Amino acid sequence: MKVTLAESAGFCFGVQRAVDVVKKQIEEGNKPLYTYGPIIHNEEVVREFEAHGVQVMDENHIEDYPAGTVIIRSHGVTRQVEELLKSKGHEIIDATCPFVKKIHRAVDEHSRAGEYIVIIGNPEHPEVRGIVGWINGENYCVIPDEQAACDFSVNSGFNICIVSQTTFNHNKFQELVEIIKQKGYDIIVLNTICDATNKRQVEAAEIASKVDAMLVIGSKNSSNTQKLYEICKTRCKDTYYIQTADDLQPSDLGSIESVGITAGASTPNNIIEEVQKKCQK
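As a convention, each chain's residues are numbered from 1 in the sequence order in which they are written. Totals for whole chains, interfaces and linings use all residues, but because this is a predicted model, local features are given only for residues with pLDDT of at least 70 and pairs of side-chain atoms are given and counted only at 80 or more. Based on all heavy atoms of the structure, the side-chain values leave hydrogens and waters out of the count.

*Asks:* Any chance you could explain a negative patch on the surface here in plain terms?
*Replies:* A grouping of D246, D247, E273 and E274 is seen on the molecular surface, where their side chains present a negatively charged patch. Think of it in three bands: residues with accessible area under 20% of the maximum for their type are buried, residues over 50% are exposed, and the middle band is partly exposed, with areas taken using a 1.4 Å probe on protein chains only. Under the relative-accessibility criterion, E274 is labelled partly exposed at 40%. Like-charged residues within 9 Å of one another, or nonpolar side chains (Val, Leu, Ile, Met, Phe, Trp, Tyr) within 5 Å, are grouped into patches, provided each residue has over 30% relative accessible area and no salt bridge. With residues, only the protein chains shown are counted as cover, and all accessible areas are computed by Shrake-Rupley using a 1.4 Å probe. One speaks of a salt bridge when a side-chain nitrogen belonging to Lys or Arg is within 4 Å of a carboxyl oxygen belonging to Asp or Glu. None of His or the chain ends enter the tally, which takes Lys and Arg as positive and Asp and Glu as negative. A single reference atom marks each charge: NZ on Lys, CZ on Arg, CG on Asp, CD on Glu.

*Asks:* I'm lost on helix 3 (residues 79–87) in this one. Help?
*Replies:* Helical periodicity: at 3.6 residues per turn, an α-helix aligns residues three or four positions apart in one direction. Each helix is a run of DSSP H or I of at least 4 residues and each strand a run of E of at least 2, with the numbering of both proceeding from the N terminus. Looking only at helix 3, the buried set comprises R79, V81, E82 and L85. The buried residues of helix 3 occupy one face: seen down the axis, they fall within an arc of 165°. Across helix 3 from its buried face, at more than 90 degrees, point the exposed residues Q80, E83 and S87. Here, two residues are considered to be in contact whenever any of their heavy atoms come within 4.5 Å of each other. In the core, the buried residues of helix 3 are packed alongside strand 2 (33–36), strand 3 (54–57), strand 4 (69–72), strand 5 (91–94) and helix 4 (98–112). Remark: G89 follows helix 3 within two positions and exhibits a positive phi of approximately 85°. Relevant arc is that of directions from the helix axis to the C-beta atoms, nothing else.

*Asks:* Please clarify how the pattern of salt bridges should be interpreted in this entry.
*Replies:* Two side chains carrying opposite charge are able to pair once their charged atoms lie near each other. By the definition in use, this model includes eleven salt bridges. For K101, the salt bridge goes to D94, with nearest N and O atoms at 3.1 Å. What makes D94 partly exposed here is its relative accessible area of 27%. Notably, a salt bridge pairs K237 with D238, separated by 3.4 Å at the nearest N-O pair. By relative accessible area, which is 67% here, K237 ends up exposed. The exposure class of D238 is partly exposed, given its relative accessible area of 25%. Residues participating in the shared-partner salt-bridge network are E59, R73 and R129.

*Asks:* Got a minute to help me understand the sheet that holds strand 1 (residues 2–5) in this structure?
*Replies:* Sheet strands pair by backbone hydrogen bonding; their relative direction is either parallel or antiparallel. At least two DSSP bridges between two strands are required for those strands to pair. Judged by pairing direction, the sheet is parallel, and its four strands sit side by side in the order 1-12-10-11 without closing on themselves. At either margin of the open sheet sits one strand with a lone partner, and together these are strand 1 and strand 11 (239–242). The mean angle between the axes of side-by-side strands here comes to 20°, regardless of whether they run parallel or antiparallel. Bridging between strand 10 (residues 213–217) and strand 11 involves four bridges; their strand directions are parallel. Counted as the bridge partner of M214 is T239 from strand 11. Axes here refer to lines fitted to C-alpha atoms; in helices the fit is confined to the stretch in contact. Angles between the N-to-C directions go from 0 to 180 degrees. Along the sheet, helix 8 (residues 195–208) makes contact with strand 1, strand 10 and strand 12 (258–263), crossing strand 12 at roughly 170°.

*Asks:* Hey, could you run me through the packing of helix 8 against helix 9 (residues 223–235) in this one?
*Replies:* Packed helices, taken two at a time, are described by the angle their axes make and the gap between the axes. Where helix 8 contacts helix 9, the two axes come as close as 8 Å, and the packing angle between them is 30°. With respect to their mutual orientation, helix 8 and helix 9 come out roughly parallel. Our pair here, helix 8 against helix 9, has a crossing hand that is right-handed. Of helix 9, the residues touching helix 8 (which contributes R200, Q201, A204, A205 and A208) are K227, L228, I231, C232 and R235. Residues of the contact of helix 8 with helix 9, tallied by class, amount to six nonpolar, one polar and three charged. By the definition adopted for this analysis, an angle is roughly parallel if under 35 degrees, roughly antiparallel if over 145, roughly perpendicular if from 65 to 115, and oblique otherwise. Take the far helix as your reference; a near helix turned counterclockwise from it by less than a right angle gives a left-handed crossing, and one turned clockwise gives a right-handed crossing. Note that Gly is not counted as nonpolar here; it falls among the polar residues with everything else outside the nonpolar set of Ala, Val, Leu, Ile, Met, Phe, Trp, Tyr, Cys and Pro and the charged set of Asp, Glu, Lys and Arg.

*Asks:* How do you make sense of the sheet that holds strand 9 (residues 186–189) when you look at a structure like this?
*Replies:* Pairing in this open sheet of four strands is parallel, and the strands run 7-6-8-9 from one edge to the other. Every interior strand has two partners, whereas the edge strands, strand 7 (140–143) and strand 9, have only one. Each neighbouring strand pair of the sheet contributes to a mean axis angle of 25°, computed without reference to strand direction. Seen against the sheet, helix 4 touches strand 6 (116–120), strand 8 (159–164) and strand 9 and runs at an angle of roughly 170° to strand 8.

*Asks:* Can you help me understand the packing of aromatic side chains in this one?
*Replies:* How two aromatic rings sit relative to each other is given by the distance of their centres and the angle of their planes. Centre distance within 6.5 Å is the pairing criterion for rings of Phe, Tyr and Trp, where only the six-membered ring of Trp is used; planes under 30 degrees apart are then read as stacked, over 60 as edge-to-face, and the remainder as tilted. Within the structure shown, the criterion is met by five aromatic pairs. Pairing F152 with Y185 gives two aromatic rings, centres 5.6 Å apart and planes at 70°, and the pair type is edge-to-face. Taken together, the positions of F152 in the loop between helix 6 (146–151) and strand 8 and Y185 in the loop between helix 7 (170–181) and strand 9 put the pair 33 residues apart, joining distant regions of the chain. Just as F152 is buried, Y185 falls in that class too. An aromatic cluster of three or more residues is present, and its members are Y116, F152, F158 and Y185. Its guanidinium or amino end placed over the ring of Y241, K220 lies 4.0 Å from that ring's centre, counting from NZ or CZ. As a reminder, the over-ring test applies to NZ of lysine and CZ of arginine, requiring each to be within 6 Å of the ring centre and within 35 degrees of the ring normal.

Shown next, in the form of structure tokens:
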């Protein structure tokens, strides 16, 4: 069987940076040590850190935790959360992805200038909730899909600033922006999709179109992995969404001659290697 592994598969810069921050704090022995929510969307990594004493802070019960060191996850948090953590005596180490922080600064600046903020992304995703928390005032909305873009309407007196969740599908972003543009508003578009995300999506699509089966590795609650799966599925009907090599059954690839492998930005290299070896066997 021919196995093609995407060069971009695995940890992106922001995720690797966040993981390294946690490892450094473990080595330094700082306790109590918390991450605000799961540091990244990967259960294997979170369990490994918990085994070293890192507690995942429940976002709804911050007051229950004794003062300690809190590492802000790669997805970022709202301004209000930062202030609350400080007020409870916690030391904050910010591991927010720099590309996400750039969006925080952008929506802060543009909302202060009186512009209406449109965020294209999943309103339930922690990254998007964090971005909303840096907007000044209530003049904003989150648009997740085509229907929401078609329904969008705002007072004509507003200038509109459009940003995106960093892991959003690039082509879909362009489609939704075009729908909003056709409404005749005065619009500023900031394409805040991470370059690594776009590269990963393009590479996955290219591989999926050339193989008999495609494996997409990542956590089920990983937004960027879900996008990869959707992209690959449109180009290769035998596309499988797995979290580890244990999820891959021999029967899945029984008569397959070529398989492609890609992985989300929160998938550790060791898991990717295990899947690759299982395919080669």
